[in-house]
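# Inside the fold
Next come the chains, spelled out residue by residue.
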Amino acid sequence: MGFVRVVAKQFQLGGWAILVLLALIIFFSYFPGRSGPFLGDDYPNIIDNNGIALENLNEQGLASAWSANTSGPFKRPIASLSFAINYYLFGQHFNPSAFKLTNIGIHIANSFLVFFLGCQLFSTAAPTYPAGKLAFVAALIWALHPLQLTSVLYVVQRMNSMATMFMLAGFLVFLKGRLQLEKPSGIILMVLGCVFGTGLGSLCKENALLLPLLIFVTELTLLPAIPPASRFKVNVYYAATAILPALFGSLYLLTHPDYILNGYLSREFDLPERLMTQSRVLFYYLGLLLYPDNTELSLAHDDFTLSKGLLKPIETLAAIAGILGLIGFAIHSCWHKKYRFSSFAILWFFVGQAMESTIFPLELVYEHRNYLPSMGVVFALVVLSYQALAGRIGKGLLNTLYAGIVGSLALATYTRAAVWSNLDSFSYFEVRNHPGSVRANSVYANNLELRRGPNAETYQYYLNASKLNEFEVSTLIEMFKELNRLIYFHGSGNDKNDVALPVSYDDPLILDGRYMEALRELVHREIIRRVVYRSHPLRTMDSIRSAATCLINGDYECKTIAAYVLEWADAALAQPNFTDKPIMHLIKAKVYLTQGNAEKTHREMDNALELDPNRMYLHAEKAYLFIALEQYDTAEQVIRHAESLGVVNGFDAKEFQKLRDAIAYKKSLVQGQRP
């Protein structure tokens, strides 16, 4: 807390008051967004994830929560557990305010860590500057920047903010050891900070694997010279934590290219196109960081133009040259021990983006990817501005300048958080600011449907979305269902005999029964064409499964779509690169069950398990189907067989126990009916 006392003295505040002030400013800037809804990936990861619904703090419940997520190679269990504890502690229901307030608390904790880290780095690399004061300003700018909002108010991005929390905490432990190498505990703290920061962070999100490289960047740019007596052990440390792992990781990817390339089979871009596009994306991020225009910020940036070549668009070549130039400048500066904070900012930013903005087949643009990388840029800007202005303007004017920057960022974030406070304003501003975004149009259409019921404007926004991306199927399925709703409520007395029938799926909507039925068939054919051609597998799977669930639940708009759903599933199965064919077989099994066709139900379920025999979710679904068919002993045999495979985790065990409870309950009802 020594640095806290230093900065508190400069601001004439008590020791803890400076942290309280930091927390209050951040809390009230984000507070309007607490009432906002769950969005997007919140649903599969939290709301629709049975493992998050923690009912008891016992071993089974915690084990289920720990293994509830399937994202990434490490499955992000710590983040998953945090969601489950959130659910348990706040009334055992999915209250978005509770989850968002927890996220704000994590963000405040991260701002403390940024402050402490700034104090350490500024006092080390610029000992004549007021380290505490600059660290306080940097922490506020970083935390209040509206670019960070999606890492805070988009609940699922707790994975990102928690990973950052462990990384920063580990970094501080490392620094404590690095700055006292003369003590025996120095190297031990360096190792512990790196190992635990990386390890715990990686169990929240895989970005934490970059911590050793970020530490190495700091060593090259800001940290003092290594004493001769410690040089060997420090060199061994960096070889073991940063250099060799990076080399081995690169060698693995070079010798196993399919690990990367297979992911591009289901994308609308290839590896060279992604790399070229990311060069522009990185400068786009820097532009948003330097000039945070709220009309440009968005949850989804799927309207970002893809680079098809070095000159398509021409900014691609300029961006690549710019990145190479910046990295070259930073390396040259490190070699000559000059421009330390500029070099730190450049290398920290690009290394921080190395996992999500390079070769991996992820979506192109997301603001939350700047959460940690932006910290280095903010540190450099604060120091460089102080260096440029401190000797030229008075202290009061400089403080006023910093206060103005902080205040404007706080106002921008408060305004954006208010937009995120309800689905109406969120969906309106998303589509207004990004009319070329598939997701913005879809979210707005969905919100219109919720507010008004079936209507032509909702259909038009789904149509707009479907035309923006030919790989998109989910919007077409929503169009199909909206047509069914409109047909259901349309009175045949309003039809006109002289209406010409549509010839293309994107022909204008006319509220005529025959016309809409013909248009529905054209939309259906377009769905088949896109699925067979190449669609987004995850979103296609989710939308087909959603339609099947609508059918199973007996919703009015889906009562007659069984044959259509089966055709969509068959189209996905016919596509060679579709990534989750077992789920398509499962969907078909459930549809056949609703039709009372037990033979085809069993056949499709067996097909699913043949493709993925160790997937416990499929075994659980098979047992559920036997329960629905009142074959309880067979359902129990399915569960026992699954358990015998030896791959059941805590989440699977909880699901199997629920099935056994259902079997016992059903049997008791049967026995109670016997004379």
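An account of the accompanying structure is given in this report. (Residues numbered from 1 in each chain as written. Predicted model: local features only at pLDDT ≥ 70, side-chain atom pairs only at ≥ 80, totals over all residues. Heavy atoms only, no water.)

Taking 1.5 Å per residue, 20 residues should reach 28 Å; helix H14 (residues 271-290) reaches 29 Å between its end C-alpha atoms and fits that length. Taking burial as the measure, the 20 residues of H14 include 14 buried ones, the bulk of the element. Put simply, Asp270 is the residue that caps the front of H14, since its side-chain oxygen is 2.9 Å from the backbone nitrogen of Glu273. (Helix = DSSP H or I, 4+ residues; strand = E, 2+ residues; numbered from the N terminus. Expected span 1.5 Å × (residues − 1). Buried < 20%, exposed > 50% of the residue type's maximum accessible area, 1.4 Å probe, protein only. Polar contact = N/O pair within 3.5 Å; in protein donor to acceptor, adjacent residues only side chain to side chain.)

Turning to the packing of helix H15 (residues 315-335) against helix H16 (residues 340-352), a few remarks are in order. With their axes 9 Å apart at the nearest point, H15 and H16 run at an angle of 130 degrees to one another. The orientation of H15 with respect to H16, classified from their angle, is oblique. Here the hand of the crossing between H15 and H16 comes out left-handed. When H15 is examined against H16, the residues Ile323, Leu326, Ile327, Phe329, Ala330, Ser333 and Cys334 are found in contact with a partner set consisting of Ser342, Ser343, Ile346, Leu347 and Phe350. Among the residues forming the contact of H15 with H16, the class breakdown is nine nonpolar, three polar and no charged. (Axes fitted to C-alpha atoms, helices over the stretch in contact; angles between N-to-C directions. Parallel < 35°, antiparallel > 145°, perpendicular 65-115°, else oblique. Left-handed = near helix turned anticlockwise from the far one by under 90°. Contact = heavy atoms within 4.5 Å. Nonpolar A, V, L, I, M, F, W, Y, C, P; charged D, E, K, R; others polar.)

Right, let's get into helix H7 (residues 131-144). Here H7 is 14 residues long and its end C-alpha atoms lie 20 Å apart, about the 20 Å a rise of 1.5 Å per residue gives. Extensive coverage of H7 is indicated by the burial of 14 of its 14 residues.

Another point: the packing of aromatic side chains. A full pass over the atoms with the stated rule returns 31 aromatic pairs. Judged by centre distance (5.8 Å) and plane angle (15 degrees), the rings of Phe171 and Trp348 are stacked. A residue pair is termed long-range when its members are at least 10 positions apart, and Phe171 in helix H9 (residues 158-178) and Trp348 in helix H16 qualify at 177 residues. Look at Trp348 and you get buried, because its relative accessible area is 1%. Considering the side-chain rings of Tyr264 and Phe269, the 6.1 Å spacing of their centres and the 75 degrees angle between planes classify their relative orientation as edge-to-face. The pair Tyr264 / Phe269 is uniform in exposure class, with both members buried. Aromatic rings pair up to connect Phe171, Phe174, Phe216, Tyr237, Tyr238, Phe344 and Trp348 into one cluster. Here Arg34 stacks its cationic end above the ring of Phe31, 3.8 Å away from the centre of that ring. (Phe/Tyr/Trp six-rings, centres within 6.5 Å; stacked < 30°, edge-to-face > 60°. Lys NZ or Arg CZ within 6 Å of the ring centre and 35° of its normal.)

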